Amino acid sequence: MIKRILVLVIAIQFVGCAELQKIASQLPNGQGGVLTQEQIGNGLRQALDNGIQNQVTKLTAKDGFYRNELVKIILPEELQAVDKGLRKVGLGNLADEGIKVLNRAAEGAVKTATPIFVNAVKEITFNDAKNILLGKQNAATSYLQSKTNDKLYQSFSPVISQSFAKVGADKIWSNLITRYNAIPFTKNVNPDLTSYVTKQALKGVFTMIEVEEKGIREKVGLRNTALLQKVFALQDNR
């Protein structure tokens, strides 16, 4: 009896999934026809490309991270004491400079690594494009992140390290931490800032792509191509 019930449940689930795909494949494109899987995939890629062009490129400008509260890189927890300690002894300007150079390093990394990110978008095969389209507001961004995050980390990390040297972050933080460690009764710190800033830079990139995706999903005016208009009309009508 139990085996029969299990077989029945599995059969229902299978039919349900098949029916869902059938319904999805019949969604109209607003012009009397239906959109193919390839068209929907291309539409989603356009949306992600827009996120890079319209949002991520903003991060590469001077103060692109530092003046953007959505992605501004603040001190890691183990350095909060450094910031407070320096400000207590009148070295607030030095503390501010320390935060600024972390953001400068991220700006430089994103500028260098953006082409790698663009290529990653182009290589994605949206086999489950309709599920992404009809998913949550950040479904495409989450999908992209799950497929590219590790590879991007490996690409960003050396660029962040080079950017530290380029903007003088290594010297500034060496001086900052040395000054802090010299304050009486403080615990010496020596964090891995390269790893921390790399993770924060990646987080910032995906945050801004998500901003663009959400905008395209919610605002028809941001769908700046005919394909985007057709593809995202599907989610409007669900």
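Look a little higher up for the structure.
Let me sum up the structure you'll find in this document. (Residues numbered from 1 in each chain as written. Predicted model: local features only at pLDDT ≥ 70, side-chain atom pairs only at ≥ 80, totals over all residues. Heavy atoms only, no water.)

So, about the overall build of the protein. A tally of helices and strands in the protein yields nine helices and zero strands. Listed N to C, the secondary structure of the protein is α-α-α-α-α-α-α-α-α in terms of helices and strands. Within the protein, the fraction of its 238 residues that count as buried is 44%. Here the protein has roughly 13400 Å² of accessible surface; of this, 54% comes from carbon and sulfur atoms. (Helix = DSSP H or I, 4+ residues; strand = E, 2+ residues; numbered from the N terminus. Buried < 20%, exposed > 50% of the residue type's maximum accessible area, 1.4 Å probe, protein only. Areas by Shrake-Rupley, 256 points an atom, 1.4 Å probe, with all protein chains shown as cover.)

On to the packing of aromatic side chains, then. Per the stated rule, a full pass over the model turns up zero aromatic pairs. The ring of Y66 carries K72 above its face, with NZ or CZ at 4.6 Å from the centroid. (Phe/Tyr/Trp six-rings, centres within 6.5 Å; stacked < 30°, edge-to-face > 60°. Lys NZ or Arg CZ within 6 Å of the ring centre and 35° of its normal.)

A word on unusual backbone geometry. The backbone of D63 shows a phi angle near 70 degrees, a positive value even though the residue is not glycine. Tracing the chain through its elements places D63 in the loop between α2 (37-59) and α3 (80-88). Given a relative accessible area of 18%, D63 falls into the buried group.

Our next topic: the packing of α2 against helix α9 (residues 226-236). At their nearest, the axes of α2 and α9 sit 9 Å apart, and the two run at 110 degrees to each other. As summarised for this structure, α2 and α9 are arranged roughly perpendicular, according to the angle between their axes. Residues Q39, I40, N42, G43, L44, Q46, A47 and N50 of α2 form the contact with α9, whose participating residues are L227, L228, V231, F232 and L234. Its residues assigned to classes, the contact of α2 with α9 shows eight nonpolar, five polar and no charged. (Axes fitted to C-alpha atoms, helices over the stretch in contact; angles between N-to-C directions. Parallel < 35°, antiparallel > 145°, perpendicular 65-115°, else oblique. Contact = heavy atoms within 4.5 Å. Nonpolar A, V, L, I, M, F, W, Y, C, P; charged D, E, K, R; others polar.)

Here the focus is helix α7 (residues 169-181). Spanning 13 residues, α7 covers 18 Å between terminal C-alpha atoms, matching the ideal 18 Å at 1.5 Å per step. For α7, the complete set of buried residues consists of A169, W173, L176, I177 and Y180. All buried residues of α7 project into a common sector of 90 degrees when viewed along the axis, lining one side. Turning to α7, the residues buried within the fold contact α3, α4 (92-123), α6 (139-167) and α8 (193-218). (Expected span 1.5 Å × (residues − 1). Arc of directions from axis to C-beta.)

Right, let's talk about α9 for a bit. Along α9, the residues that are buried comprise L227, L228, V231, F232, L234 and Q235. For α9, the angular spread of the buried residues around the axis is 125 degrees, confining them to a single face. For α9, the elements touching its buried residues are α2, α5 (129-133) and α8.

Further remarks concern the side chain of Q235. Assignment of secondary structure puts Q235 in helix α9. Residue Q235 is classed as buried on the basis of its relative accessible area, which comes to 9%. If we ignore the near neighbours within four places in the chain, the residues touching Q235 are L133, L134, R217 and R223.

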